[in-house]
Every structure is written in structure tokens, then in C-alpha cells.
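# A look at the structure
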Amino acid sequence: MRILSGIQPSGALHIGNYLGAIQQYIALQDGNEAFYFVADYHALTSVRDAGKLRQYVFDVMVDMLSLGLDPEKAVLFVQSDVPETVELAWLLSTVTPMGWLEKCVSYKDKVQQGLPAEHGLFAYPVLQAADILLYDADLVPVGQDQKQHLEITRDVAERFNNVYGGKKGVFRLPKPYILDNVAVIPGLDGRKMSKSYNNTIEIFDEPAVIRKKVKRFVTDSTPVEAPKNPDTCPLFGLFKLFAKPDDLAEVERRYREGGIGYGEVKTRLGEALVERFAEPRERRAEWVAHPDRVAKVRAAGAEKARATARTILEKARAACGVG
Ligand code: TYM
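The name given to the protein in an unreviewed UniProt entry is Tryptophan--tRNA ligase, with Paludisphaera borealis as the source organism. UniProt, in its Subcellular location (unreviewed entry) section for the protein, records the words "Cytoplasm". Per UniProt, the comment on the protein under Catalytic activity (unreviewed entry) is "tRNA(Trp) + L-tryptophan + ATP = L-tryptophyl-tRNA(Trp) + AMP + diphosphate + H(+)".

With 18 residues, helix α3 (residues 50-67) should cover 26 Å at 1.5 Å per step; its first-to-last C-alpha distance of 26 Å lies within 8% of that length. All of the buried residues in α3 are L53, V57, V60, M61, V62, D63, M64, L65, S66 and L67. Two or three places before G51, at the opening of α3, D49 has a side-chain oxygen 3.0 Å from that residue's backbone nitrogen. Where α3 ends, the next residue or the one after it, G68, has phi of about 125°, a positive value.

With that settled, consider the site of the ligand. As a structural note, the neighbourhood of the ligand is formed by 27 residues, with Y124, D131, G143, D145 and I185 the closest of them. A distance of 2.8 Å separates a nitrogen atom of the ligand from a polar backbone atom of I185. A distance of 3.0 Å is found between a nitrogen atom of the ligand and a backbone nitrogen or oxygen belonging to M193. Among the detected pockets, the ligand sits in the largest pocket. Of all the elements in the fold, those that place two or more residues in the shell around the ligand are β1 (2-7), α1 (15-28) and α8 (124-133).

For P97, the location among the structural elements is in the loop between α4 (84-93) and α5 (98-102). For P97 and D40, which are 57 residues apart along the polypeptide, the C-alpha to C-alpha distance reads 25 Å.

Along strand β3 (residues 74-78), 5 of the 5 residues are buried, which leaves the element largely enclosed by surrounding structure. Burial along β3 is two-sided: the residues A74, L76 and V78 and V75 and F77 are all buried. Where strand β2 (residues 33-38) meets β3, 5 bridges bridge the pair, whose relative direction is parallel. By the bridge assignment for β3, F37 is matched with F77.

With that settled, consider the packing of helix α10 (residues 207-214) against helix α13 (residues 262-276). Their axes nearest at 8 Å, the elements α10 and α13 cross at an angle of 150°. As the angle between them shows, α10 and α13 are arranged roughly antiparallel. Seen from above, α10 lies across α13 with right-handed handedness. Two secondary-structure elements touch here, α10 through P207, I210, R211 and V214 and α13 through K266, L269, G270, E271, L273 and V274. Broken down by class, the residue content of the contact of α10 with α13 amounts to 6 nonpolar, 1 polar and 3 charged.

Here the focus is the nonpolar core. Y36 and F242 are the most contacted members of the largest nonpolar core, which totals 59 residues. In this structure, F35, A39, C104 and A137 belong to the second largest nonpolar core, which totals 40 residues.

Before going further, it helps to spend a moment on the side chain of K213. For K213, the location among the structural elements is in helix α10. With a relative accessible area of 17%, K213 lands in the buried category. Discounting chain neighbours no more than four positions away, the residues touching K213 are L188, T200, I201, E202 and D205.

Below, the discussion takes up the pairing of β1. For β1, the buried fraction is high: 5 of the 6 residues fall into the buried class. As paired elements, β1 and β2 share 6 bridges and run parallel to each other. Residue pairing across strands places L4 opposite F35, the latter belonging to β2.

What follows covers empty space enclosed by the protein. The final tally for this structure, using the stated rule, is 1 cavity of 30 Å³ or more. By volume, the largest cavity is sized at about 60 Å³. What lines the largest cavity is C104, S106, Y107, K110, L121, F122, Y124, P125 and H149. Within the residue set of the lining of the largest cavity, elements represented by two or more residues are α6 (105-112), α7 (119-122) and α8. Here the residues of the lining of the largest cavity are counted per class, giving 6 nonpolar, 2 polar and 1 charged.

Calculation rules
Residues numbered from 1 in each chain as written. Predicted model: local features only at pLDDT ≥ 70, side-chain atom pairs only at ≥ 80, totals over all residues. Heavy atoms only, no water. UniProt positions renumbered as here; feature names shortened; annotations may be inferred. Helix = DSSP H or I, 4+ residues; strand = E, 2+ residues; numbered from the N terminus. Expected span 1.5 Å × (residues − 1). Buried < 20%, exposed > 50% of the residue type's maximum accessible area, 1.4 Å probe, protein only. Polar contact = N/O pair within 3.5 Å; in protein donor to acceptor, adjacent residues only side chain to side chain. Near = heavy atom within 4 Å. 1 Å grid on protein atoms, 1.4 Å probe; cavity = no way out; pocket = protein on both sides within 12 Å on 5 of 7 lines; lining within 4 Å. Sits in = over half its atoms within 2 Å of the grid points. Pairing = 2+ DSSP bridges. Axes fitted to C-alpha atoms, helices over the stretch in contact; angles between N-to-C directions. Parallel < 35°, antiparallel > 145°, perpendicular 65-115°, else oblique. Left-handed = near helix turned anticlockwise from the far one by under 90°. Contact = heavy atoms within 4.5 Å. Nonpolar A, V, L, I, M, F, W, Y, C, P; charged D, E, K, R; others polar. Core = buried A, V, L, I, M, F, W, Y, C linked by side-chain atoms within 4.5 Å. Points joined across faces, edges and corners; volume = space filled by probe spheres on them.

What follows is the structure, given as C-alpha cells:
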């Protein structure tokens, strides 16, 4: 199967990105044809500093490599190394009704948070549709917050196929791949973990910072000795995703019986996080020390991605009569 997904370089990656997306990228790079990219065109809707953007792009490439994405198995590339994306976005935008974009929650959210209502932000889902359709993706691993963008992608593809495709159609219709237990990872305040809510735990923060941040996790005021319901506790929900099986069983039992305080759970979550990312942290230092190796991965990825993208763009151009 053809797998494709992207991450915006808008700052350090957090554990919501890891659990909601990158873990699935890693699982799907085996036995499939996988394409994973750094969405720098998309990040232009929020990052307005060339130096910073270049640094963030490098950081996300390095994060993906350190966490276990393997350039021998998956094509790892940077979106803007494939400028064909922007041309396809234009072709798609000519068949995209305004109303579809007007109902997008992520646009409305961002404008409400104070981002200026610019055309790029409004047309963001069309660019995302281009990303996906340009590679004939079957499956797109993402968190729940991207579901609506995937629906628009399918709608736009269908529309283009209906208008221009003839019997065979031009684009393959992609499906989202969203795992229930990690679809929405909560942040320190219990809302969805997101940079714009300032409630994130960064994957590659220093261990001391991770331990300290976890302490900010919001909990209720149930006393230590009282029984607690692990199924409705966001702190436990996160602990569950990182704990070793024995630790998990013990903490769960003590939740139900009473006798465990949130402070202890936070400490144990902090330790589990530090431990989980210890090896990637070491690998990361290696990649950072060798930017030439990262550049090589990037260049090789761009070449492979572009070859695929060109074929599909040509089909789309021919179908609508340009070029
Ligand atoms: P971005 O950069 O915001 O997030 C990258 C991935 O992480 C997931 N994610 C989460 N999952 C669960 N819980 C959370 N709290 C959480 N926070 C983030 C996101 O769902 C996403 O899968 N528009 C996309 C980037 C993009 C893209 C694409 C994705 C551009 N083109 C084409 C797929 C296909 C975005 O802003 O993701």
C-alpha cells in the first residue's frame, strides 16, 4: 500500500505528534511504500522568519530519523523540495467550492486564536489535498484533528475526477488511518496537546525539563487514599501509553483501590518518558553532529518524491488541458 503523511515544522515536536502520528509512520514503513514529509509550505501560515523555518525543517527531519524512520524503508523529504505540490494545489483549487473551506474548523480556530485571516490559511486544506493526491496515497496516518482535512481531500479528488477524469479518474481516493487510543492525546491542561495551547511536552526536551513539565499536568483534588477511576483520568491515560506492563498493572490497581497520589503518577510518567526517548536522544545527537548526512537523506528523498509527483501531476495537467 502507498502510505503518506506530513508534519509541520512549526517548533519542536511533542508527544502528541509522536503518539498520534510518528508511531504509526514507523509501524507502516515496513511492508508498504511510505512517504513522510516536512510540511514547510504549510508552516508559512505561521512561521514568518526564514532562519527559524530552515532550522525547524532540519529539526523535524532529525526528529523523524532519530525516532526510527528509516530512509532505506521510507521516502523522507521536505515538501518544498517538490514544487509540483503548489501547481497541483492550484489545479485543485479551481474545482474546490468556497463553502467546503469555509466550514473548516481548523481555519476558524486559528483565526479565533488571533492568526490573520489570510488566503494561505484559508486554502490550507487544498494544499494538503495536493500533498496527498500527488503521491496516489492509499492511507494517511494522522491524529483526529486532521480528519476533516482528509474528508476535504477525498471530496476534492472526487470532484476533480468527475470534472476531468473520464471513466478511470485521475486521483486515487485516500483513507485516513486514525487509531482510537491515540487519536487525541491530551496536553498538560487536559485539552488536546497542541503548541497553540501551550500545554505540550516536547519529545526532546532535556530530561529535567520533561520531569518538571509533567508536574504541571492538571488533575482533580481526590485525596491520595481515595479510589480513583483510571478510565476517566487523562494523566493515567497518558501514563498507560508509556508505562511498562508491570508498572501499569500496579498503578491501575492502586487507582481502583485508593492509595496512590497524582504526584507519584506524575513522577512515574516523567521517568517513563525519559526512558522511552533515551535512545532516540542519543541518535539525535549523532544526526545533529552530522548535518551533511541529514542533507543527503533530504536530497535522496526529494529525488524519489519528485519522480512520483511528476508522473501524477502530468496526468492531472493532461486531464484539464494545461501544458
Ligand atoms: P501537525 O504538524 O499539526 O501534526 C502532525 C501530526 O501529529 C498529529 N497530532 C496529534 N495526534 C494526536 N493527539 C494530539 N494532541 C496531536 N497533535 C498533533 C496530527 O494529527 C498530525 O497527524 N496539516 C498537518 C500536516 C500536513 C499533512 C499533510 C498531514 C500537511 N500536509 C498531508 C497528512 C497529509 C498538520 O498540521 O499536522
